[in-house]
Amino acid sequence: KSYLPSGTMATFQYANGIPIIRIKATFPRQQVILDQMNSTTGWAAAGTASALTQDSAVYYQAPASLRFNLGVGTGTLTKTITQTDLSSYQDVGVSFLATRIPDGADASDITGISLKLGSDSGNYDLVTETEGFLGAWVAGEWLLVAFDFAGSTSTGSPNWSVIDYVQI
């Protein structure tokens, strides 16, 4: 048995000659949902993003998902969310975003998706992904994108104890 500095315990055992490693974390990190993204309330489209609407016909999770048009170039969706303390996730958290490129669209037109999380528009951490969690962008299918903040780039001095700025 061994207690690690984080309060995690690791135990090594043998059962019928088969080695077993058991790991017990005393304080696992909870999932935090920053926004359900099922309502346009508070979201603003800018750049080449337009026609932001609630889609209750094609959605990732009931009752709806956000839908918008994206022209050539960079389009953004921005929202000020309820202030959230994410300090225990700073530099180690992974955010997930479910995306869907419409049927018939050219998925190769998407070169990357960026996620900014911060305490305001001048103080944020940025992660850009060039493919989904399971591979290349695909039209007509939902795809999770994993934004690993262990490799984020900081602008200003984001305060992860008062995160309220999100931009995609």
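Residues numbered from 1 in each chain as written. Predicted model: local features only at pLDDT ≥ 70, side-chain atom pairs only at ≥ 80, totals over all residues. Heavy atoms only, no water.

### Some thoughts on the packing of aromatic side chains
Tallied over the entire structure, the rule returns four aromatic pairs. Measuring from ring centre to ring centre gives 5.7 Å for Phe-96 and Phe-133, while their planes differ by 85°; the resulting arrangement is edge-to-face. Residue Phe-96 is found in strand β6 (residues 94-100), and its partner Phe-133 is found in the loop between β8 (123-129) and β9 (142-148); the two are separated by 37 residues along the sequence. (Phe/Tyr/Trp six-rings, centres within 6.5 Å; stacked < 30°, edge-to-face > 60°. Helix = DSSP H or I, 4+ residues; strand = E, 2+ residues; numbered from the N terminus.)

### Things to note about the nonpolar core
Core analysis: the largest hydrophobic core is formed by 23 residues, its most contacted members being Phe-147 and Ile-168. Broken down by secondary-structure element, the contributors of at least two residues to this core are β5 (65-84), β7 (113-120), β9 and β11 (163-167). Apart from the residues lying within four places of it in its own chain, the contact partners of Ile-168 are Met-37, Trp-43, Gly-75, Thr-76, Leu-77, Leu-97, Ile-113, Ser-114 and Leu-115. (Core = buried A, V, L, I, M, F, W, Y, C linked by side-chain atoms within 4.5 Å. Buried < 20%, exposed > 50% of the residue type's maximum accessible area, 1.4 Å probe, protein only. Contact = heavy atoms within 4.5 Å.)

### Regarding unusual backbone geometry
Each neighbour pair has its own omega, and for Ala-62 with Pro-63 the value is 15°, a cis peptide bond. Position of Pro-63 among the secondary structure elements: in the loop between β4 (44-55) and β5. Of note, Met-37 is a non-glycine position whose phi angle comes to about 55°, a positive value. For Met-37, the location among the structural elements is in the loop between β3 (18-24) and β4.

### Side note on the environment of Thr-80
Residue placement: Thr-80 occurs in strand β5. Through-space distance from the C-alpha of Thr-80 to that of Gln-36 is 13 Å; in sequence the pair is 44 residues apart.

### Description of the pattern of salt bridges
Under the counting rule described, the total for this entry stands at three salt bridges. Lys-79 is the partner of Asp-35 in a salt bridge, and the nearest nitrogen-oxygen pair spans 2.5 Å. Of this pair, Asp-35 sits in the loop between β3 and β4 while Lys-79 is found in strand β5, placing the two residues 44 residues apart along the sequence. Judged by its relative accessible area of 24%, Asp-35 is partly exposed. (Salt bridge = Lys/Arg side-chain N within 4 Å of Asp/Glu carboxyl O.)

### As for the sheet that holds β7
Within the open sheet, the six strands sit side by side as β4-β5-β11-β7-β8-β10. Their pairing is antiparallel. Only two strands of the sheet have a single partner each, and these edge strands are β4 and β10 (153-155). With direction set aside, neighbouring strand axes in the sheet form an average angle of 30°. Here β5 pairs with β11 via four bridges, running antiparallel. From the neighbouring strand, Thr-84 faces β11, where its bridge partner is Ile-163. (Pairing = 2+ DSSP bridges. Axes fitted to C-alpha atoms, helices over the stretch in contact; angles between N-to-C directions.)

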